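# A structural walkthrough
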Amino acid sequence: FHLKNSLFCTEMFYNSEILLYIIVDFKRESNILQRIIIIAGPSGVGKTTVSKYLTEKYNIPRVVTHTTRPVRQGEIPGKSYYFETDESFKKLHFFEHVKYGEYQYGSSKEALEKAWAKNDLVSLIVETDGVKSYLEKLGKQAYFIYLTVSDFSVLKKRLLGRGDKASEIDKRLNSFEFKRDLHLSDELAKKAHVLNNDNWEKTAKELDKIVKKLENK
């Protein structure tokens, strides 16, 4: 009886250690801070290039945004955009949304949760006007990268280089949104990691440092 009782106690202790390990491990996992890298800057500065680099090198998924416009050739629903009706768009909880012409665009809490289900670190490209909403609602979970260049004339050359129509480029460069995105407000400047993208190799090295820092927190 004594031997059996000892074995039973040992088994109970062993099982309790496993249970304790599972509980501790679960708590450790639940304490991981999910983060989002917010990327903003003027057209042509390299926001999409940065987002692709983070995905390809670090498997950091991009948060998919929403639109009510029709699907274009080559676009994949759920990957290019979440394509919505006017009714389904209204049901979402947005950090920011805007209307261009007759179509609406926005980034939502629902889309962020879907991205975080895949990875604890995700990225999103937004206009500078929408950055404030993320910083206010997510606090330390949002890490803001503002991309810029030393010479703004380079931006037009880059837009031409990627095949955009000259007429569309001129319209964009003269838009209120483009001029707004060339500079940060004093409030946003205090919360931004300003990254000069004159040289891609240097930019990539800075991104490596940022990812390493965020993954270690």
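Please refer to the structure placed before this passage.
I will try to describe carefully the structure that is included in this document. Predicted model only: the values in this text are computed from it and were never measured.

Now for the overall build of the chain. Helix and strand counts for the chain stand at ten helices and eight strands. Split into buried and exposed, the 217 residues of the chain put 37% on the buried side. Contacts in the chain between residues far apart in sequence, at least 24 positions, make up 67% of those at least 6 positions apart.

The next subject is the packing of helix α6 (residues 153–161) against helix α7 (residues 166–173). At a closest axis distance of 10 Å, the pairing of α6 and α7 adopts a crossing angle of 145°. For the element pair α6 and α7, the recorded crossing hand is right-handed. Within the contact between the two elements, α6 uses K156, L159 and L160 and α7 uses A166, I169, D170, R172 and L173. Looking at the contact of α6 with α7, its residues break down into five nonpolar, no polar and three charged.

Next up on the list: the sheet that holds strand β1 (residues 35–40). Here four strands make up an open sheet; going across it, the order is β6-β1-β7-β8 and the pairing parallel. A strand with exactly one partner marks an edge of an open sheet, and here the two such strands are β6 (121–125) and β8 (192–196). Taken pair by pair, the neighbouring strands of this sheet meet at an average axis angle of 25°, ignoring direction. In this sheet, β8 lies alongside strand β7 (residues 142–148) in parallel orientation, the contact comprising five bridges. When the sheet's bridge partners are listed, F144 is paired in β8 with A192. Against the sheet, helix α2 (residues 47–58) touches β1, β6 and β7, its axis set at about 155° to β1.

Moving on, we get to the side chain of S107. In this structure, S107 sits in strand β5 (residues 103–108). At 2.7 Å, the side chain of S107 and the side chain of Y134 are in polar contact. Other than its neighbours up to four places away in sequence, S107 contacts T65, F94, F95, E96, L124 and Y134.

Our next topic: the layout of surface pockets. As a volume, the second largest pocket reaches approximately 160 Å³. Lining the second largest pocket, in full, are T128, D129, K132, R180, H183, L184, S185, E187 and L188. When contributions to the lining of the second largest pocket are tallied by element, the ones reaching two or more residues are α5 (128–138) and α9 (186–189). Sorting elements by how many residues they give to the lining of the second largest pocket places α5 first, with three residues. Here the lining of the second largest pocket is composed, by residue class, of two nonpolar, three polar and four charged.

Another aspect to go through is unusual backbone geometry. At N59, a residue that is not glycine, the phi angle is positive and equals roughly 60°. Considering the arrangement of structural elements, one finds N59 in the loop between α2 and β2 (66–67). What makes N59 exposed here is its relative accessible area of 54%.

With that settled, the discussion passes to the pattern of salt bridges. Applying the stated criterion across every chain, the model contains eleven salt bridges. Residues D208 and K57 are paired through a salt bridge, measuring 3.3 Å at the closest nitrogen-oxygen approach. Of this pair, D208 sits in helix α10 (residues 200–215) while K57 sits in helix α2, placing them 151 residues apart in sequence. Between D181 and R180 there is a salt bridge, and its shortest N-O distance comes to 3.0 Å. Residue classification places R180 among the buried positions, given a relative accessible area of 18%. Through salt bridges with shared partners, a single ionic network connects E127, D129, R180 and D181.

The topology assignment puts R162 in the loop between α6 and α7. A sequence separation of 118 residues divides R162 from G44, and the C-alpha atoms of the two residues are 9.0 Å apart. Dropping the residues within four chain positions of it, R162 is found in contact with G44 and R172.

Conventions and cut-offs
- Residues numbered from 1 in each chain as written.
- Predicted model: local features only at pLDDT ≥ 70, side-chain atom pairs only at ≥ 80, totals over all residues.
- Heavy atoms only, no water.
- Helix = DSSP H or I, 4+ residues; strand = E, 2+ residues; numbered from the N terminus.
- Buried < 20%, exposed > 50% of the residue type's maximum accessible area, 1.4 Å probe, protein only.
- Contact = heavy atoms within 4.5 Å.
- Axes fitted to C-alpha atoms, helices over the stretch in contact; angles between N-to-C directions.
- Left-handed = near helix turned anticlockwise from the far one by under 90°.
- Nonpolar A, V, L, I, M, F, W, Y, C, P; charged D, E, K, R; others polar.
- Pairing = 2+ DSSP bridges.
- Polar contact = N/O pair within 3.5 Å; in protein donor to acceptor, adjacent residues only side chain to side chain.
- 1 Å grid on protein atoms, 1.4 Å probe; cavity = no way out; pocket = protein on both sides within 12 Å on 5 of 7 lines; lining within 4 Å.
- Points joined across faces, edges and corners; volume = space filled by probe spheres on them.
- Salt bridge = Lys/Arg side-chain N within 4 Å of Asp/Glu carboxyl O.

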